[in-house]
There are 4 protein chains.
Amino acid sequence: MSSITLKKLSLTIFGESHGPCIGGVITGLPAGHRLDFEKIDKDVLRRKPGKDGLSTPRNEEDKYEIVSGIKDGVLTGAPLCVIIKNSDTHSSDYSKLADIPRPSHSDYPAYIKYNGFNDIRGGGHFSGRLTAPITVIGSICKQLLEKEEIKVVSHILRIKDITDKSLLDCNGEDIKKLADGKDTVCDSVVENFYKLITDAKANKDSLGAVCECGIINMKPGLGGPLFDGLEGKLAQLVYGIPGVKGVEFGIGFDFAGLSGSLANDCYCLKDGKIRTKTNNNGGILGGISNGENIVFRVAFKPTPSIALPQQSVNLKTGCEEILEIKGRHDPIIALRALPVVEGIAAIGILDEIL
Amino acid sequence: MSSITLKKLSLTIFGESHGPCIGGVITGLPAGHRLDFEKIDKDVLRRKPGKDGLSTPRNEEDKYEIVSGIKDGVLTGAPLCVIIKNSDTHSSDYSKLADIPRPSHSDYPAYIKYNGFNDIRGGGHFSGRLTAPITVIGSICKQLLEKEEIKVVSHILRIKDITDKSLLDCNGEDIKKLADGKDTVCDSVVENFYKLITDAKANKDSLGAVCECGIINMKPGLGGPLFDGLEGKLAQLVYGIPGVKGVEFGIGFDFAGLSGSLANDCYCLKDGKIRTKTNNNGGILGGISNGENIVFRVAFKPTPSIALPQQSVNLKTGCEEILEIKGRHDPIIALRALPVVEGIAAIGILDEIL
Amino acid sequence: MSSITLKKLSLTIFGESHGPCIGGVITGLPAGHRLDFEKIDKDVLRRKPGKDGLSTPRNEEDKYEIVSGIKDGVLTGAPLCVIIKNSDTHSSDYSKLADIPRPSHSDYPAYIKYNGFNDIRGGGHFSGRLTAPITVIGSICKQLLEKEEIKVVSHILRIKDITDKSLLDCNGEDIKKLADGKDTVCDSVVENFYKLITDAKANKDSLGAVCECGIINMKPGLGGPLFDGLEGKLAQLVYGIPGVKGVEFGIGFDFAGLSGSLANDCYCLKDGKIRTKTNNNGGILGGISNGENIVFRVAFKPTPSIALPQQSVNLKTGCEEILEIKGRHDPIIALRALPVVEGIAAIGILDEIL
Amino acid sequence: MSSITLKKLSLTIFGESHGPCIGGVITGLPAGHRLDFEKIDKDVLRRKPGKDGLSTPRNEEDKYEIVSGIKDGVLTGAPLCVIIKNSDTHSSDYSKLADIPRPSHSDYPAYIKYNGFNDIRGGGHFSGRLTAPITVIGSICKQLLEKEEIKVVSHILRIKDITDKSLLDCNGEDIKKLADGKDTVCDSVVENFYKLITDAKANKDSLGAVCECGIINMKPGLGGPLFDGLEGKLAQLVYGIPGVKGVEFGIGFDFAGLSGSLANDCYCLKDGKIRTKTNNNGGILGGISNGENIVFRVAFKPTPSIALPQQSVNLKTGCEEILEIKGRHDPIIALRALPVVEGIAAIGILDEIL
């Protein structure tokens, strides 16, 4: 479903890319917090299309309205619903796509699942645009975590063979930079990333990437064994973001190259506290937080909509056909997804903290 | 929780490594299927400790008893409970561990979460032994999928720099080999894997690995958008297996190195059916199966229990201390985990098929 | 939560009585059904406040807008969100209530739960007004059940000592009357009900009542044992309607006065089909539908808001105080609740049918 | 499912009346409580069959074994599984029932649902015997509530036209009596109840009854609006008990006979605390506890298995047939169900308290 029920919170997302509006509802938020709208606006801006030359030229105002769950700017404890109107829609671009599924998009499997009744304009309910309400709701959850002194940050870790400094190696200053809204830890890396993206765009192509997200100053003892583990919970939430194809914790797949003696996070004392020397496990052991920063990585595939011609099959005629996608698309999903990843992680962690 | 509720099925795992027994309950299975106990036995044997020189010398009979949900060997539709008695337990090995948490184990965060009341003998409820009932239940679910002509197979894809042939490249013959219970597609690779494992064991060390699992002959149109996506569902289930630190679909993290024009799975006609030329997305688009094989990879960390001395902190004295773990442990989790990964995947997919 | 996740469907309700709008989201509806808006309008009208002299004079247009999940009036399979704007709000009426909780309302326990941050204007999120989106969504579910030849009807069964004919005794003609929107089976009874209500209103008082709901032409074999039983599922949904204090199935509490020999529903053959002679169990045995009409009864308490003076305690001063509620209120909840009860039952049954 | 997932707890029940054993698993219990086995034994004895002349002569030892989740008698926080072996089974009594469904039993709808594959011996998974593990688990939850000074008590409120004093009118002394294990508040009433039961048994018949359950010294502010309401939560759990056909809170269906001015629970000050003068709402307003005792009533139907001949239909021959049930059955469900009702209520309330 487009709805997920956690322990204390539930989240439901609705709307289609070219419908009257999109939105989301979160239930279970605690009462009494005064929203900092500037912080929400900032996250919305980070996700906003058309914010710079690097993303889709679709220019949405993304003006959100919180229609329930607050009074005079303070959370009431009732379900909070955020609504975002759609405006800059060019549905005619999609008229032809009804018959020819775009490669690596949801078009074909959705056609099977919904017997062709789904709204395919702009990807319909499968559009990346649906992450806008997640961003708003997630940003609110980040504020609530900040009251517990927990910060959620993220950055682009890798595109092609260029790699940013990992959160597993970051110091407080590095994290502060990300908390201020930077896309990478290293300034030199961001330039190289932007160049790759600009090139891809010029080539009518797109790029995949790895994002890394950190829950900083995490409390120990949250989560649980087996299906109550934090890894599974966060992974399920993160896989709810369109375009995600991999989620790993700590050094993740690199564990396959290490022996236990090198991989294990030995305990030591730091400032009188029990800590680990390394954080290869990304702050989670046995499904439970161990007090280190939770660090996970997310693989985003390249935007499947590219302007280059691609082979597909016409569902009506049953013949192979060359498809050229017009529309307006991002050369990279991952860049705009950063506040979405942070937001969805914040929802999952807040659910454990409450 | 150690319980998960899916759409039609629910699964609950109970027991501790050194308690009287461990077990699991699955609800929602359809009535009428006659169990093939030989197939279950075969999967249990694949997971069994002490089966060869490569795994822990703990020698459990692993004799399972199905105490409910069947009558005369046929599923009744009532909850199916499987119980496995513990016998070969050496609890005295663990007396010292009460105070000194083993690195990269659940000991320390569980101590925090349960205020020290958890049963730590053999890892208690966090032990890999808890995967035995998952294997039995998963093996039953695999049988039910086979009635729908769907096969679930797996293999060790990678240890250190040695890599088996991927399921994304496998033909029918390769898959048959895995269905017959082989640990790898390529015979030459398995020898190299066994050598690495034997060496690690000799060095009192352990190894991580990547498993790859395939849902062969999958039906299109299952799953759904956002939090109903198959990736998130399977990931949450798979992260329920102790030791898992990464889950990716199709080429997963390798998407970060590709442009869209190379990564997209273009459509073509094969035998009059709409198929994709490549399967980089691992059979899932927009959270929905597209009819290709579902292929996902699972990163297992090295067994954290190693015989080499490691640094830890004594929870009672508050001092750093060198820990030497006695016990009996696997040099590698991933090898015995193959039927567990298959089983848990089968549970998830069966839930969608029902 | 104000959200409930069933097997295939999830339902989330949001909004406050005096906020900008209220609404609801249902996920999991099947694609392809063309909505009959006249039928929805009819149910909305049955629930509408101010429709006749018998209910609250608050005059809401109750114009609903379905903002997602449909395209050209046809269900797409995506989450369906309905929004209803609030317009005729007199918030000043509630200024005093912030400090003095209304007897038998949610005011006091909500004050405790939300630390006083909840929106109390018009009852906020606890208002009966929140049943408007349930009515719209439930009406859609009734349409989907009608495609399976299942009808959902209801009526006022009892107010004080006046009782309508029970659905357990109704013939096809009686049921047709209710399906056409009548409030009772017997025409004579409705007049007496209206008189009781008019009197209560004149006395600045209110009335409780019992509603009875029937799922007509129900399929056998749906539901399940223990916590999967239809009774528990329907009861939980129905208790989600504000003002409900009792739910019974078949003859319910009257079972306490009967012996088994009189209470048991013996089997017989009717038109070659296995049927029961009586339907004391209301169509459900062992939690599973037996093919008879499902019949359940719902006890609504009297509208707690009455114009008569009542004793309460001022939360600020801590002193007992006499409260006179101004506002505009229904003399009876149950009458307007009929389409809500039908709707919520339809949601529960549809979830089983899908 | 025979599994239910609450906010913090999950409960799964398994087993069949004539299988090797029955049992249950609860997850999410807090660690650290030392079990008082005498209290559990007492509740098991209250539910035990054959305890006196009034119930079924089936004589089960009902010796339970807690196989996980405790160490040295103390809760560890891991899933707690309780297993009860079946011993005194007379399966031959049921050989004929395979073809002729017993009136008002689950036999016929279960036959439809499971295509005849369900285990019908002794009612299989639908047997009242499945409430034995609920009793053990519920008794543990009652202990945990007692640590919070909350007591759960129950009694038989009504059989035919004989009625015990309601918990809504009880003083501390009355409640103490019930806490000590009495079946009624008034000693005179219990004699009359026993006489009715003895008569029914002599007549080869059975009796329905109303139980009343109280959560004494309940905290205010627990529960929530709409589908998070305590009434719906408790009702769903209580309907999981076989034989329940009605659940009402406070005066429940009697609200239909009252006007608001008589029904409303006005506030007053008692010992400086805000309390209600009456408790017609049974301690719950708007789905949230208001600090008064939670009081609810449960209608149990008469035991459907009676020795008197009854009409049924032979599923094989398709002919009407007279059925005489041999077996051994209770003349009344409600009496033995008291600790079950208390236990299931304790599970629900504990889930809110945690």
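Asks: Quick question: what am I supposed to make of the overall build of chain A here?
Replies: Check the secondary structure of chain A and you find 8 helices and 18 strands. A globule of 354 residues ought to have a C-alpha radius of gyration of about 20 Å, and chain A, at 21 Å, matches this closely. In terms of its C-alpha atoms, chain A occupies a principal-axis envelope of roughly 70 × 50 × 40 Å. Out of the 354 residues in chain A, the part that is buried amounts to 66%. Taking all contacts inside chain A whose residues are at least 6 apart in sequence as the whole, residues at least 24 apart take part in 72%. In the structure as shown, chain A presents an accessible area of about 11,400 Å², 49% of it carried by carbon and sulfur atoms. Separation of charge centres in chain A, based on 43 positive and 45 negative side chains, amounts to 2 Å.

Asks: I would appreciate a short explanation of the sheet that holds strand S9 (residues 162–163) of chain C in the present structure.
Replies: Within a sheet, each strand pairs with its neighbour through backbone hydrogen bonds, oriented either parallel or antiparallel. Ordered in space as S9(C)-S8(C)-S10(C)-S16(C)-S11(C)-S11(D)-S16(D)-S10(D)-S8(D)-S9(D), the 10 strands form an open sheet in which the pairing is antiparallel. The open sheet is flanked by S9 of chain C together with strand S9 (162–163) of chain D, the only strands paired with a single partner. Note that strand S11 (residues 244–249) of chain D and strand S16 (residues 294–300) of chain D share 5 bridges and pair antiparallel. Residue pairing for S16 of chain D: Gly-246 of chain D is matched across the bridge by Ala-299 of chain D. The strands touched by helix H8 (residues 334–353) of chain D are strand S8 (151–159), strand S10 (209–216) and S16 of chain D; relative to S8 of chain D, the strand with the most contacts, the crossing angle is about 140°.

Asks: Help me understand the sheet that holds strand S4 (residues 64–68) of chain B in this model?
Replies: Residues and elements named next belong to chain B. Taken in spatial order, the 5 strands of this open sheet run S1-S2-S3-S7-S4, and their pairing is antiparallel. Edge positions in the sheet fall to strand S1 (3–5) and S4, since each of these pairs with one other strand and no more. The sheet shows a mean angle of 15° between the axes of neighbouring strands, direction not considered. The strands touched by helix H3 (residues 131–146) are strand S2 (10–15), strand S3 (21–27), S4 and strand S7 (80–85); relative to S3, the strand with the most contacts, the crossing angle is about 30°.

Asks: Help me understand the packing of aromatic side chains in this model?
Replies: For any pair of aromatic rings, geometry is given as the distance between the ring centres together with the angle between the planes. One pass over the structure, following the stated rule, counts 18 aromatic pairs over all chains. Ring centres of Tyr-267 of chain C and Tyr-108 of chain D lie 5.5 Å apart, and the angle between their planes is 65°; this geometry places the pair in the edge-to-face category. Note that Tyr-267 of chain C is positioned in strand S12 (residues 267–270) and Tyr-108 of chain D in helix H2 (residues 107–113), a pairing that runs across two chains. Put simply, the rings of Tyr-239 of chain A together with Phe-249 and Phe-296 of chain B touch in pairs and so form one group of aromatic residues.

Asks: Before we go on, may I ask you to explain the relation of the copies chain D and chain C in this structure?
Replies: The operation relating the pair of chain copies consists of a rotation about an axis and a translation along that axis. Note on the identical chains: chain D maps onto chain C by a rotation of 180° and an axial translation of 0.0 Å, with an RMSD of 0.0 Å. Each copy turns onto its partner about a two-fold axis. In this assembly the copies share their binding face: 100% of the residues contributing to the interface of chain D also contribute to that of chain C.

Asks: What is the right way to look at the side chain of Gln-143 of chain C in this model?
Replies: Residues and elements named next belong to chain C. Positionally, Gln-143 belongs in helix H3 (residues 131–146). Looking at Gln-143, the relative accessible area reads 4%, which means it is buried. Those residues in contact with Gln-143 that sit more than four places away from it in its chain are His-33, Arg-34, Leu-35, Asp-36, Lys-39 and Ile-40.

Asks: How should the interface of chain D and chain C be read in this particular structure?
Replies: Bring the parts together and some accessible area is lost; that lost area is often taken as the interface size. Contacts between chain D and chain C engage 96 residues on the former and 97 residues on the latter. Regarding the contact of chain D and chain C, the summed buried area is about 7,700 Å², with carbon and sulfur atoms giving 64% of it. Notably, a salt bridge pairs Glu-231 of chain D with Lys-245 of chain C, separated by 2.8 Å at the nearest N-O pair. Where chain D packs against chain C, one counts 41 residue pairs in polar contact (both at pLDDT 80 or more). Considered class by class, the residues forming the side of chain D that touches chain C number 52 nonpolar, 29 polar and 15 charged. In this structure, strand S11 (residues 244–249) of chain C lies alongside S11 of chain D, joined through 3 bridges in antiparallel fashion.

Asks: Explanation requested: the packing of H3 of chain B against helix H8 (residues 334–353) of chain B in the structure shown.
Replies: In a pair of packed helices, the angle between the axes and the distance between the axes together describe the arrangement. All names here are of chain B. Across the interface, H3 lies against H8 with an axial gap of 7 Å and an inter-helix angle of 50°. With respect to their mutual orientation, H3 and H8 come out oblique. Seen from above, H3 lies across H8 with left-handed handedness. The residues of H8 that touch H3, namely those facing Thr-131, Ile-134, Thr-135, Ile-137, Gly-138, Cys-141, Lys-142, Leu-144 and Leu-145, are Pro-339, Val-340, Glu-342, Gly-343, Ile-344, Ala-346, Ile-347, Ile-349, Leu-350 and Ile-353. Counted by class, the contact of H3 with H8 contains 13 nonpolar, 4 polar and 2 charged residues.

Asks: How do you make sense of the confidence of the model for chain A when you look at a structure like this?
Replies: Low-pLDDT portions of the prediction should not be read for the details of their coordinates. Overall, the prediction assigns chain A a mean pLDDT of 94, with 94% of residues at 70 or greater. Here the prediction assigns the complex a pTM of 0.97, and the interface score ipTM is 0.96.

Asks: Please clarify how the pattern of salt bridges should be interpreted in this entry.
Replies: When the charged atoms of two side chains lie near each other, side chains of opposite charge can form a pair. Residues and elements named next belong to chain A. Throughout the structure, instances matching the rule amount to 100 salt bridges over all chains. In this structure, Lys-195 and Asp-199 form a salt bridge, with 3.0 Å as the shortest nitrogen-oxygen distance. One end of the pair, Lys-195, and the other, Asp-199, are both in helix H5 (residues 187–202), 4 residues apart, so they sit about a helical turn from each other. The exposure class of Asp-199 is partly exposed, given its relative accessible area of 34%. Counted as one network, the salt bridges with shared partners bring together Lys-7, Asp-228, Lys-233, Asp-351 and Glu-352.

Asks: Sorry if this is basic, but what is going on with the side chain of Ser-2 of chain C here?
Replies: With respect to the element layout, Ser-2 of chain C can be found in the segment before strand S1 (3–5). Looking at Ser-2 of chain C, its side chain comes within polar contact range of the side chain of His-125 of chain C, at 2.6 Å. Those residues in contact with Ser-2 of chain C that sit more than four places away from it in its chain are Thr-27 and Pro-79 of chain A, Leu-11, Thr-12, Ile-13 and His-125 of chain C together with Pro-225, Leu-226 and Phe-227 of chain D.

Asks: Looking at this model, I keep getting lost on the state of the cysteines. Mind explaining?
Replies: Should the sulfur atoms of two cysteines be covalently bonded, the bond is a disulfide. In the structure shown here, the tally under the stated rule is 0 disulfides over all chains. Cys-268 of chain A provides the cysteine sulfur closest to Cys-319 of chain B, a residue in no disulfide bond, and the two sulfurs are 14 Å apart. The class of Cys-319 of chain B is partly exposed, set by a relative accessible area of 42%. Here Cys-21 of chain D is not disulfide-linked; the sulfur of Cys-81 of chain B is the nearest cysteine sulfur, at 6.4 Å. The exposure class assigned to Cys-21 of chain D is buried, which follows from its relative accessible area of 4%.

Asks: Before we go on, may I ask you to explain unusual backbone geometry in this structure?
Replies: What is expected of a backbone is that most residues other than glycine have negative phi and most peptide bonds are trans. With a phi close to 60°, Lys-204 of chain A is a non-glycine residue in the positive phi region. By the secondary structure assignment, Lys-204 of chain A is in the loop between H5 and strand S10 (209–216).

Asks: Quick question: what am I supposed to make of the environment of Lys-39 of chain C here?
Replies: All names here are of chain C. Tracing the sequence through the fold places Lys-39 in helix H1 (residues 37–47). Overall, Lys-39 belongs to the partly exposed group, its relative accessible area being 37%. Excluding residues that lie within four positions of it along the chain, Lys-39 makes contacts with Ser-139, Gln-143 and Glu-146.

Asks: Any chance you could explain the environment of Asn-171 of chain A here in plain terms?
Replies: Residue and element names in this part refer to chain A. With respect to the secondary-structure elements, Asn-171 resides in the loop between strand S9 (162–163) and helix H4 (172–179). On the basis of relative accessible area, Asn-171 is assigned to the partly exposed category, the value being 38%. Here Glu-173 takes part through its backbone nitrogen, which lies 3.2 Å from a polar atom of the side chain of Asn-171. Among the polar contacts made by the side chain of Asn-171, one reaches the main-chain amide nitrogen of Asp-174 at a distance of 2.8 Å.

Asks: Any chance you could explain a positive patch on the surface here in plain terms?
Replies: Together, Lys-63 and Lys-85 of chain A together with Lys-63 and Lys-85 of chain C make up a positively charged patch on the protein surface. Position of Lys-63 of chain C among the secondary structure elements: in the loop between H1 and strand S4 (64–68).

Asks: I tried to follow helix H8 (residues 334–353) of chain C on my own but got confused; where do I start?
Replies: It helps to recall that an α-helix has 3.6 residues per turn; residues three or four apart then point in one direction. Over its 20 residues, H8 of chain C runs 28 Å from end to end, which matches the ideal 28 Å to within 8%, given 1.5 Å per residue. Counting buried positions along H8 of chain C gives 20 out of 20 residues, so the element sits mostly inside the fold.

Rules used throughout
- Residues numbered from 1 in each chain as written.
- Chains lettered and ligands numbered in written order.
- Predicted model: local features only at pLDDT ≥ 70, side-chain atom pairs only at ≥ 80, totals over all residues.
- Heavy atoms only, no water.
- Helix = DSSP H or I, 4+ residues; strand = E, 2+ residues; numbered from the N terminus.
- Rg over C-alpha atoms; globule rule 2.2 N^0.38 Å.
- Buried < 20%, exposed > 50% of the residue type's maximum accessible area, 1.4 Å probe, protein only.
- Contact = heavy atoms within 4.5 Å.
- Areas by Shrake-Rupley, 256 points an atom, 1.4 Å probe, with all protein chains shown as cover.
- Lys, Arg positive; Asp, Glu negative; His and termini not counted.
- Charge placed at Lys NZ, Arg CZ, Asp CG, Glu CD.
- Pairing = 2+ DSSP bridges.
- Axes fitted to C-alpha atoms, helices over the stretch in contact; angles between N-to-C directions.
- Phe/Tyr/Trp six-rings, centres within 6.5 Å; stacked < 30°, edge-to-face > 60°.
- Least-squares fit on C-alpha atoms with pLDDT ≥ 70 in both.
- Buried area = accessible area lost by both parts, 1.4 Å probe.
- Salt bridge = Lys/Arg side-chain N within 4 Å of Asp/Glu carboxyl O.
- Polar contact = N/O pair within 3.5 Å; in protein donor to acceptor, adjacent residues only side chain to side chain.
- Nonpolar A, V, L, I, M, F, W, Y, C, P; charged D, E, K, R; others polar.
- Parallel < 35°, antiparallel > 145°, perpendicular 65-115°, else oblique.
- Left-handed = near helix turned anticlockwise from the far one by under 90°.
- pLDDT = per-residue confidence, 0-100.
- Disulfide = S-S within 2.5 Å.
- Patch = residues over 30% accessible without salt bridge, like charges linked within 9 Å, V, L, I, M, F, W, Y side chains within 5 Å.
- Expected span 1.5 Å × (residues − 1).

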